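Chains, contacts and geometry: an overview
Residue strings, one per chain:
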Amino acid sequence: MRFDWLWAQSDRILSLLLWHCYLSITPIMMGLLLAVPVGWAVQSLPGVKAMILNLFGLLYTIPSLALFVLLPPLLNTQILDPLNVVVALTIYSFALLVRTVCDGLDSVPTETRQSASALGYTPLQQFLQIDLPLAVPVIGAGLRVAVVSNVSIVSVAALIGAPQLGSLFTQGFQLQFLTPIIAGIALCIVLALVLDALVVAITRILSRWQPKRG
């Protein structure tokens, strides 16, 4: 490891880390905002629920590099535009989280739903005040997977020139220099751990109704 090189490149590395954070977190937030109402709608259609979820699952099988290349003509953007990465990862996050939202809503006891209906809750009130809060632990678990996955997939965008930690990998390969590669891997791991811990903390805050273990 060349620590002198890391110090000399610290400003650039920090900039790449911030870009990586943005490109990892923004799609997750957008994907979750889309997945919650869609998951609620799909969950209310038991007859076609499995088929719809399988169709959404197919979105996750599209190779990320291919999606990064296909989106610019569709969005009328340049190949280096970070918007391509945000949209692509939003699609992946959405595809992953729709099933998670459905699983979370399925975890709500039938008796709880019946009690809410008996108390006069409208479907929307029941969803917002009963179903969604009770589904938070399951949704949080799926969100952890999506966050860590995004941190990894963002690195692939370095192949199309998008600024993020993956740029350190391509630089290291081009120069046959291990220091930027090791630094990029270490920062990706640290970022994934920090974001995972953040999701866990938020999930616990929103799930205070759960009995404490031990």
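Presented here is an overview of the structure given in this document. (Residues numbered from 1 in each chain as written. Predicted model: local features only at pLDDT ≥ 70, side-chain atom pairs only at ≥ 80, totals over all residues. Heavy atoms only, no water.)

Within the chain, the regular secondary structure consists of nine helices and zero strands. In the chain, the succession of α and β elements from N to C terminus is α-α-α-α-α-α-α-α-α. Expressed along its principal axes, the backbone C-alpha trace of the chain runs to roughly 70 × 45 × 20 Å. Within the chain, the fraction of its 214 residues that count as buried is 43%. Considering only intrachain contacts with a sequence separation of at least 6, the fraction spanning at least 24 residues in the chain is 74%. Carbon and sulfur atoms make up 70% of the accessible area of the chain, which amounts to about 11,900 Å² in all. Here the chain contributes 10 positive and 8 negative side-chain charges, whose respective centroids are spaced 7 Å apart. (Helix = DSSP H or I, 4+ residues; strand = E, 2+ residues; numbered from the N terminus. Buried < 20%, exposed > 50% of the residue type's maximum accessible area, 1.4 Å probe, protein only. Contact = heavy atoms within 4.5 Å. Areas by Shrake-Rupley, 256 points an atom, 1.4 Å probe, with all protein chains shown as cover. Lys, Arg positive; Asp, Glu negative; His and termini not counted. Charge placed at Lys NZ, Arg CZ, Asp CG, Glu CD.)

Across its 34 residues, helix H2 (residues 10-43) extends 48 Å between first and last C-alpha, which sits within 8% of the 50 Å expected from 1.5 Å per residue. The largest bend in H2 is about 30 degrees, located at alanine 35, with the proline proline 37 one to four residues further on. (Expected span 1.5 Å × (residues − 1). Bend = angle between axes of the 7 residues up to and from the residue.)

Once that is clear, we can look at helix H7 (residues 123-154). For an α-helix the count is 3.6 residues per turn, leaving residues at separations of three or four pointing the same way. With 32 residues, H7 ought to run about 46 Å at 1.5 Å a step, yet its terminal C-alpha atoms sit only 38 Å apart, falling short of that. If you look at H7, its biggest bend is around 50 degrees, right at valine 136, and the proline proline 137 turns up within four residues after that.

With that settled, the discussion passes to a nonpolar patch on the surface. Judged by side-chain polarity, Leu45, Val48, Met51, Leu55 and Leu58 come together as a nonpolar surface patch covering roughly 460 Å² of accessible area. The topology assignment puts valine 48 in the loop between H2 and helix H3 (49-59). (Patch = residues over 30% accessible without salt bridge, like charges linked within 9 Å, V, L, I, M, F, W, Y side chains within 5 Å. Salt bridge = Lys/Arg side-chain N within 4 Å of Asp/Glu carboxyl O.)

Here the focus is the packing of H2 against helix H5 (residues 82-106). Relative to each other, H2 and H5 sit at 40 degrees, their axes nearing to 6 Å. Our classification of the angle between H2 and H5 gives oblique. Here the hand of the crossing between H2 and H5 comes out right-handed. Its residues placed into classes, the contact of H2 with H5 shows 23 nonpolar, six polar and one charged. (Axes fitted to C-alpha atoms, helices over the stretch in contact; angles between N-to-C directions. Parallel < 35°, antiparallel > 145°, perpendicular 65-115°, else oblique. Left-handed = near helix turned anticlockwise from the far one by under 90°. Nonpolar A, V, L, I, M, F, W, Y, C, P; charged D, E, K, R; others polar.)

Two numbers describe how H3 lies on H5: the axes approach to 7 Å, and their chain directions differ by 150 degrees. Taken as axis vectors, H3 and H5 run roughly antiparallel relative to one another. Along this stretch, H3 crosses H5, giving a crossing that reads as left-handed. Only Ile91, Tyr92, Phe94, Ala95, Val98, Arg99, Cys102 and Asp106 of H5 make contact with H3, whose side of the interface consists of Lys49, Leu53, Asn54, Phe56 and Leu59. Among the residues making up the contact of H3 with H5, the classes are represented as nine nonpolar, one polar and three charged.

With that out of the way, let us pick up the pattern of salt bridges. Applying the stated criterion across every chain, the model contains four salt bridges. Between aspartate 4 and arginine 2 there is a salt bridge whose closest N-O contact spans 2.9 Å. The class for arginine 2 is partly exposed, based on a relative accessible area of 42%. For the salt bridge of aspartate 196 with arginine 144, the shortest nitrogen-to-oxygen distance reads 2.7 Å. In this pair, aspartate 196 is assigned in helix H9 (residues 178-206) and arginine 144 in helix H7, connecting sequence segments 52 residues apart.

On to the environment of aspartate 131, then. Relative to the assigned elements, aspartate 131 resides in helix H7. Between the C-alpha atoms of aspartate 131 and glycine 104, which are 27 residues apart in sequence, the distance is 8.5 Å. The residues contacting aspartate 131, other than those within four sequence positions of it, are Leu105, Val108, Arg113 and Gln126.

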